[in-house]
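Analysis of the macromolecular model
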Amino acid sequence: MPDLAERLAAVRADIVDAARAAGRSEDELTTIVVTKFHPAELVRELHALGVRDVGENRHQEAAAKASDLADLDDLTWHFIGQLQSNKARQVRRYSHIVHSVDRPALVDALARRESDPDGETVDVFLQLNLTDDPGRGGVAPAGLEALAEHALAAPGIRVRGVMAVAPLGEEPRAAFARVRQASDRLRSLAPDATAISAGMSGDFREAILEGATHLRIGTAITGSRPAPR
Ligand SMILES: *Cc1c(COP(=O)(O)O)cnc(C)c1O
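Residues numbered from 1 in each chain as written. Predicted model: local features only at pLDDT ≥ 70, side-chain atom pairs only at ≥ 80, totals over all residues. Heavy atoms only, no water.

Considerations on the UniProt feature "domain: Alanine racemase N-terminal" (unreviewed entry) in the protein
To be explicit about the condition: UniProt positions are given in the numbering used here, feature names are shortened, and annotations may be inferred rather than shown by experiment. Secondary structure follows DSSP: runs of H or I at least 4 residues long count as helices, runs of E at least 2 residues long count as strands, and numbering of each begins at the N terminus.
Residues given the UniProt feature "domain: Alanine racemase N-terminal" (unreviewed entry) here are residues 31–226. Its end C-alpha atoms 22 Å apart, residues 31–226 is made of 36% helix and 19% strand.

Some details on the pairing of strand β2 (residues 53–56)
The condition is simple: The buried label applies to any residue whose accessible area, calculated with a 1.4 Å probe on protein chains only, is under 20% of its type's maximum; exposed applies above 50%, and partly exposed to all values in between. By this definition, two strands are paired if DSSP reports at least two bridges between them. When the strands point away from the viewer and the path from the first strand over the helix to the second turns clockwise, the crossover is right-handed.
Of the two faces of β2, the one carrying Asp 53 and Gly 55 and the one carrying Val 54 and Glu 56 are both buried. Two strands pair when backbone bridges link them, and strand β1 (residues 30–34) and β2 are joined in this way by two bridges, in the parallel orientation. In the sheet register, Val 34 faces β2, and the bridge partner there is Gly 55. Considered for its hand, the β-α-β crossover made up of β1, helix α2 (residues 40–48) and β2 is right-handed. Pairing between β2 and strand β3 (residues 76–79): four bridges, direction parallel. Note on β3: the bridge partner recorded for Asp 53 is Thr 76. Regarding the hand of the β-α-β motif, the stretch spanning β2, helix α3 (residues 59–68) and β3 is right-handed.

Focus: the site of the ligand
Put simply, the test is: Nearness here has a simple test: a residue counts as near a molecule or strand if at least one of its heavy atoms is within 4 Å of that partner. Pairs of N or O atoms are called polar contacts if they sit within 3.5 Å, as long as, within protein, a hydrogen donor faces a hydrogen acceptor (for residues adjacent in sequence, only side-chain-to-side-chain pairs). Only the protein chains shown count as cover for residues, and the accessible areas themselves come from Shrake-Rupley with a 1.4 Å probe. Note on residue classes: Ala, Val, Leu, Ile, Met, Phe, Trp, Tyr, Cys and Pro are nonpolar, Asp, Glu, Lys and Arg are charged, and everything else, Gly too, is polar.
The immediate surroundings of the ligand are formed by Val 34, Lys 36, Ile 80, Met 163, Met 200, Ser 201, Arg 216, Ile 217, Gly 218, Thr 219 and Arg 225. The contact in question runs from an oxygen atom of the ligand to an N or O atom on the side chain of Lys 36, over 2.7 Å. Between Thr 219 and the ligand, the recorded distance is 2.9 Å, taken from a backbone N or O atom to an oxygen atom. Out of a free accessible area of 390 Å², the ligand has 86% covered by protein chains. In the shell around the ligand, the residues fall into five nonpolar, three polar and three charged.

Encoded structure:
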């Protein structure tokens with residue numbers, strides 16, 4: 001079994017290769033190591049190996065880890081899971097970037113309150129649902145513009161770009177091509193919202209070919225996940 005440092009180095013090398021194959025610079029890419037279900041200690045090991053971006057998908061677990069690791073103040077916490085509006089304020093406290101904004105109510109819950117005009121800005125990705133199953137996270141692609149307009153008008157929200165998970169049963173490159181088209185539409189409303197959060201352990205190469213800027217990679221780096229607690 002290769003260890004964590006070896007897996008991290010192998011994935012980093014694959015990312016460099018994929019960026020070259022796409023004619024892109026790896027400097028355009030942010031690799032977020034998805035540490036869900038793993039203990040805080042693993043995040044600490046990753047930090048020692050130079051990782052500065054980590055992704056979590058469940059509020060309670062993420063909040064506990066962020067608090068345990070508060071001494072690592074150069075970590076950026078990315079929240080990548082489905083988010084209930086009533087948890088949004090709490091998630092905002094430790095997450096720098098929320099990748100799963102998919103409805104106006106969640107935008108409103110994350111937005112800066114009038115009672116706290118100096119509150120920090122939170123970065124968000126607008127998540128697309130590329131499946132026909134409305135139970136999956138994400139806004140249907142046809143609803144992207146309306147959601148974007150809502151988010152762009154909300155105080156304390158900075159729209160960074162679009163996020164998506166490639167659906168099972170579709171060739172990932174084709175799915176990511178649809179994400180790229182959605183990104184183009186978003187940029188016509190918000191020229192600065194150029195980021196694309198796409199690509200996981202099994203499909204980050206295809207995502208890089210279609211313009212992804214933020215890769216969310218779990219098991220290829222961490223090894224298999226423990227069962228959720
Ligand atoms: C778990 C998860 C990932 C990472 O998946 P791996 O296949 O382990 O790389 C990426 N994105 C989201 C939204 C996830 O929930």
